[in-house]
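# Breakdown of the fold
Below are the chains, spelled out letter by letter.
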Amino acid sequence: MAIVTILDVIRTKRDGAALSDEQIRWFIEQFTARTIADEQAASLLMAIVWRGLDARELATWTAAMIESGDRLDLSAVGRPTVDKHSTGGVGDKVSLPLCPLVAACGVAVPQLSGRGLGHTGGTLDKLESITGWHGDMSNDAFIAQLRDVGTTIAAAGPRLAPADRRMYALRDVTGTVEAIPLIASSIMSKKIAEGADGLVLDVKIGSGAFLPGIDRARELARTMVGLGEAHGVSTVAVLTDMDQPLGRAVGNALEVAESIEILAGGGPPDVVEVTLALAREMVALAGVDIDPAERLADGSAMDHWRRMIAAQGGDPDAALPRSTEIHTVRAAAPGHVARIDARKVGEAAWRLGAGRARKEDPVSPIAGAVLRAVAGDRVAAGDPVIDLHLDDPTRLPAALEALAEAVTITDEAPAPRRMVHERITRDDLGGGPA
Ligand code: URA
C-alpha cells in the first residue's frame, strides 16, 4: 500500500485529478485526529471548491465523515423513524410544530441539531427561550424519549460526525463553505449518523436562502438525496420558498410563540402549508396512511408538543419572554405589499441580536422582527409593516439600515406566493447522486 502524504493529496486535487478512496479515508481520519495542520486541510478544501468531487469521491468522503464518529441505533424505538433537515432561512421555525405533528401521526422524529450561525438562532436556541427547556441529553435518554413521547430535539453530541464539526468550523473562516459536495457531505454525514430510517430535506430557495438560486439548490438537493439513498436512508427533498420570511415572526421566542399558534390550529398560512407539506412527506416515507392535517386539527400535535417540552425540563405553560420596546417600521407609500425581502429582514433581526456571528456568541431570546403586513396586503402610507422587537436599543440604527428597501409596495396586487416549488426523490436521480 503506497504511503499517503497530505502534500500528495492536496496536489492531486489541485491539479484536477480524482482522489483515491485510500487518500480520502486517510485524510478524514488524520484530520479528525488533528494530525493535519489547518492550513493544509484548508488548502485541500479550497482545491475541492474549485475542482469538485466526483460521485465516487463524494460517496467515500461522506462515508468517512460518518465513520469518524458513531451511528446511532434507533431500533429500540419500536416504530419508524424519520427526520427532517432544512437548509435554513428567515423565520424558519418549521421543526417546532413539525416534530410533534409527525410524532402524533405515529412516526418517531429524532432531531439532533447544532448551534449554527444564522439570522436567528437554531432550533435549540429557539426552544431555549422556554423556561427550563434543555437540549443536552445522553444517547440513552434521547432514545427513551423517542420511544415514550415520539420526538426528541436535542443537541448533537461530540461523537456525531466529529470530522464535520471541525471541518465546518475551518470552512467557515476560509471561504470554503459554498461548495456543493462539501455542503452535501457535511449535512448528510450528520443526518445519516443520526440513525433515522427516512429523511425529508427542506431545501430553501430565494433571497434568504443559503443558496438563493434554484439551479444550485436543486443540485444540492439531488446530491443529498443520492447520498441518503446510498446509505440506506429513504430520502426526499422539497424545494420551498425563502424569498420572503416564513410566517410573520423572526426571532427566537417570537418564533416559538408562532409555532404554538400553528399547533393550536392557527398561524400564518405559509408556515402551515410548508409544515403540512413536509409532514406528509415524512409520514409517507414511514408508510403511514394518516393525513397530518387531522392531527393538527384534533389537538394531538399540541399534546405531543407539551409532552416533548415537559420531558426536556421545560414548562409548556410558562409565559415566553417578550421585549417591552418595539420600534415600528411604516409603509412609505400606499399600495399593495408586493415583497418583503427575507435576507434584509434576517439581517435586521441578526443585527438586533437574534442570531450570532460566531459560534460561541450568545443570542437574545427576545430580539427580532414581526411582520405586521405581508405580500398581498393593502396598506396606506404610514401603516405599520414591521415591528422590531428590541433587546439592546443601541442596535436599532444598524437594523434599520439593514431594512432599507426591504419592503416593495406596488399599485398592482402581486401574484400569489408559491411555497412548494419542486420535489426530488430517488426516481429523479437517473444515473447517480452528483
Ligand atoms: N450546514 C451544514 O451543516 N453544513 C454545511 O456545509 C452548510 C450548512
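Conventions used here
- Residues numbered from 1 in each chain as written.
- Predicted model: local features only at pLDDT ≥ 70, side-chain atom pairs only at ≥ 80, totals over all residues.
- Heavy atoms only, no water.
- Domains from an automatic or database assignment.
- Contact = heavy atoms within 4.5 Å.
- Buried area = accessible area lost by both parts, 1.4 Å probe.
- Core = buried A, V, L, I, M, F, W, Y, C linked by side-chain atoms within 4.5 Å.
- Buried < 20%, exposed > 50% of the residue type's maximum accessible area, 1.4 Å probe, protein only.
- Helix = DSSP H or I, 4+ residues; strand = E, 2+ residues; numbered from the N terminus.
- Near = heavy atom within 4 Å.
- Polar contact = N/O pair within 3.5 Å; in protein donor to acceptor, adjacent residues only side chain to side chain.
- Areas by Shrake-Rupley, 256 points an atom, 1.4 Å probe, with all protein chains shown as cover.
- Nonpolar A, V, L, I, M, F, W, Y, C, P; charged D, E, K, R; others polar.

### Here we look at the domain arrangement of the protein
Per the domain assignment, the segments making up the protein are domain 1 (6-52), domain 2 (75-317 + 420-428) and domain 3 (325-410). Just the C-alpha atoms count here: the centres of domain 2 and domain 3 sit 25 Å apart. With 24 residues of domain 2 at the interface, the matching set in domain 3 holds 32 residues. Buried surface at the junction of domain 2 and domain 3, both sides included, amounts to about 2000 Å², of which 53% is carbon and sulfur.

### Focus: the nonpolar core
Counting 67 residues, the largest nonpolar core has Val 102, Leu 127, Trp 305, Val 345, Ile 386, Leu 388 and Leu 403 as the members making the most contacts within it. It is helix H12 (residues 269-285) that contributes the most residues to this core, eight residues altogether. Taken domain by domain, this core gets at least three of its residues from each of domain 2 (75-317 + 420-428) and domain 3 (325-410). Judged by nonpolar contacts, the second largest core, of 59 residues, contains Ala 108, Ile 143, Leu 146 and Leu 182.

### Considering the site of the ligand
Near the ligand you find Tyr 168, Arg 171, Ile 183, Ser 186, Ile 187, Lys 190 and Phe 210, and these make up its full shell. Here a nitrogen atom of the ligand sits 2.6 Å away from a polar atom, N or O, in the side chain of Ser 186. Calculation on the ligand without its partners gives an accessible area of 240 Å², and the protein chains cover 87% of this total. Of all the secondary-structure elements, those providing two or more residues to the shell around the ligand are helix H8 (162-172) and helix H9 (180-193). For the shell around the ligand, the leading source of residues is H9, giving four residues. Its residues assigned to classes, the shell around the ligand shows four nonpolar, one polar and two charged.

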